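Single-letter residue listing:
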Amino acid sequence: MPLLGGRDGGGEWGDCDPAEPRNRRTRTAAMIEGPGPDGTSGGRLLVDAGPDLRQQLLACRIATFDSVVFTHAHADHILGIDDIRQVNRTLGRAIDAWGTRTTLQKLDDRFDYAFIGPTEFFFRPALEPRRIAFGERFETAGLSVEVFRQDHGVMDTLGLRVGRFAYSTDVVNLPEESLAALQGLDTWVVGCFQHRPHHVHANLDRVLDWVTQLRPRRTVLTHMGPAMDYRSLLRDLPPGVEPGFDGMVLEIPDIRGL
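Computed from a predicted model, the values in this text were never measured in an experiment. (Residues numbered from 1 in each chain as written. Predicted model: local features only at pLDDT ≥ 70, side-chain atom pairs only at ≥ 80, totals over all residues. Heavy atoms only, no water.)

Draft legend 1. Layout of the pairing of strand S11 (residues 187-191). Summarising burial for S11: 5 of the 5 residues are buried, a large majority. Where burial is concerned, the two faces of S11 agree: the one with Thr187, Val189 and Gly191 and the one with Trp188 and Val190 are both buried. Note: strand S10 (residues 165-168) against S11, 4 bridges, orientation parallel. What sits directly across from Ala166, in S11, is Trp188. In terms of handedness, the path from S10 via helix H5 (residues 176-181) over to S11 forms a crossover that is right-handed. (Buried < 20%, exposed > 50% of the residue type's maximum accessible area, 1.4 Å probe, protein only. Helix = DSSP H or I, 4+ residues; strand = E, 2+ residues; numbered from the N terminus. Pairing = 2+ DSSP bridges. Right-handed = clockwise from strand over helix to strand, strands pointing away.)

Draft legend 2. Expanded view of the pattern of salt bridges. Tallied over the full model, the rule gives 11 salt bridges. Between Glu146 and Arg137 there is a salt bridge, with its nearest N and O atoms 3.5 Å apart. When the shortest N-O distance is used, the salt bridge between Arg218 and Glu242 registers 2.6 Å. In this pair, Arg218 sits in strand S12 (residues 218-222) while Glu242 sits in strand S13 (residues 241-243), placing the two residues 24 residues apart along the sequence. A relative accessible area of 21% means that Arg218 is categorised as partly exposed. (Salt bridge = Lys/Arg side-chain N within 4 Å of Asp/Glu carboxyl O.)

Draft legend 3. Expanded view of the packing of aromatic side chains. Under the definition given, this model contains 4 aromatic pairs. The residue whose ring lies beneath Arg124 is Phe123, and the NZ or CZ to ring-centre distance is 5.8 Å. (Phe/Tyr/Trp six-rings, centres within 6.5 Å; stacked < 30°, edge-to-face > 60°. Lys NZ or Arg CZ within 6 Å of the ring centre and 35° of its normal.)

Draft legend 4. Representation of the sheet that holds S12 within the structure. Reading across from one edge, S7-S8-S9-S10-S11-S12-S13 is the order of the 7 strands in this open sheet, with mixed pairing throughout. Whereas interior strands pair on both sides, the edge strands pair on one side only; in this sheet they are strand S7 (137-140) and S13. Within the sheet, the average angular offset between the axes of one strand and its neighbour, ignoring direction, is 25 degrees. As paired strands, S11 and S12 are joined by 5 bridges and run parallel to one another. Paired with Val190 across the two strands is Leu221, which belongs to S12. This element, helix H6 (residues 204-214), spans S11, S12 and S13 of the sheet and lies at about 160 degrees to S11. (Axes fitted to C-alpha atoms, helices over the stretch in contact; angles between N-to-C directions. Contact = heavy atoms within 4.5 Å.)

Draft legend 5. The arrangement of the domain arrangement of the protein chain in detail. When its domains are assigned, the protein chain resolves into domain 1 (21-131) and domain 2 (144-244). For domain 1 versus domain 2, the separation of C-alpha centres amounts to 22 Å. Across the contact, 20 residues belong to domain 1 and 21 residues belong to domain 2. Overall, the association of domain 1 and domain 2 removes approximately 1600 Å² of surface from exposure, summing both partners, and the carbon and sulfur fraction of that is 62%. Ranking the residues of domain 1 by area buried against domain 2 places Arg22, Arg25 and Thr28 at the top, with a combined share of 34%. Across the contact surface, domain 1 and domain 2 share 0 salt bridges. When contributions to the side of domain 1 that touches domain 2 are tallied by element, the ones reaching two or more residues are strand S2 (30-35), strand S3 (41-47) and helix H2 (75-78). (Domains from an automatic or database assignment. Buried area = accessible area lost by both parts, 1.4 Å probe.)

Draft legend 6. Spatial organisation of the environment of Val69. Turning to its location among the elements, Val69 is positioned in strand S4 (residues 67-69). Relative accessible area serves as the criterion here: at 0%, Val69 is assigned to the buried category. A C-alpha to C-alpha distance of 5.6 Å links Val69 and Ala97, two positions 28 residues apart in sequence. With sequence-adjacent residues up to four places away left out, Val69 is seen in contact with Leu45, Leu46, Val47, Asp48, Trp98, Phe138, Leu158 and Leu160.

Written as structure tokens, this is what we have:
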């Protein structure tokens, strides 16, 4: 599964070493790919479409995906929607866009032209809205996806679980029912913005507390700010916890989740 982004530092390196290429982070996104027959690649689910989407897809040599899920409607997770039109052209069809009622409404308010059906030449993106509520499960791209509520301080966001893999970005608190949904993980990708407490993002101590409680085999930090230097984290983090980086590929057992 290519992990398509970490977190942009706004042009300031902070504590990050600019000579370390894994500190060069585009906006947070991920591609979840299920297994196909005979070990071939299966369906692909894009998680969020930020303003770096085109760059990320080109860097990872991904030409198409089957559907997209939006964790929430903040700009750094949705402003790449226009670049989905090239995927529409390649596939020759509209693409399912999953999200909560609130998120889909905000997307329609800002990108109404993307939700009015396919067009002959796909000069604009074409998305089919698919509403999902917290605690529900949906099937797409050959994957069975469970979604759960996350507290992002100013709004709720979607967390995702597929088999024994889970993805939690833009979260500062997890309610008890969501912690229950995260039991028994093999691999967890989780947002960790900085060392000090933050009002809308989990800091390192909070993430490590969750890891102690949930005990996934492997935890990968994403959505990191300029205080989170890759090599320093790699040196200091406990076993089983590591920083992510752009283009990172994670092999997940039981990723299909069906």
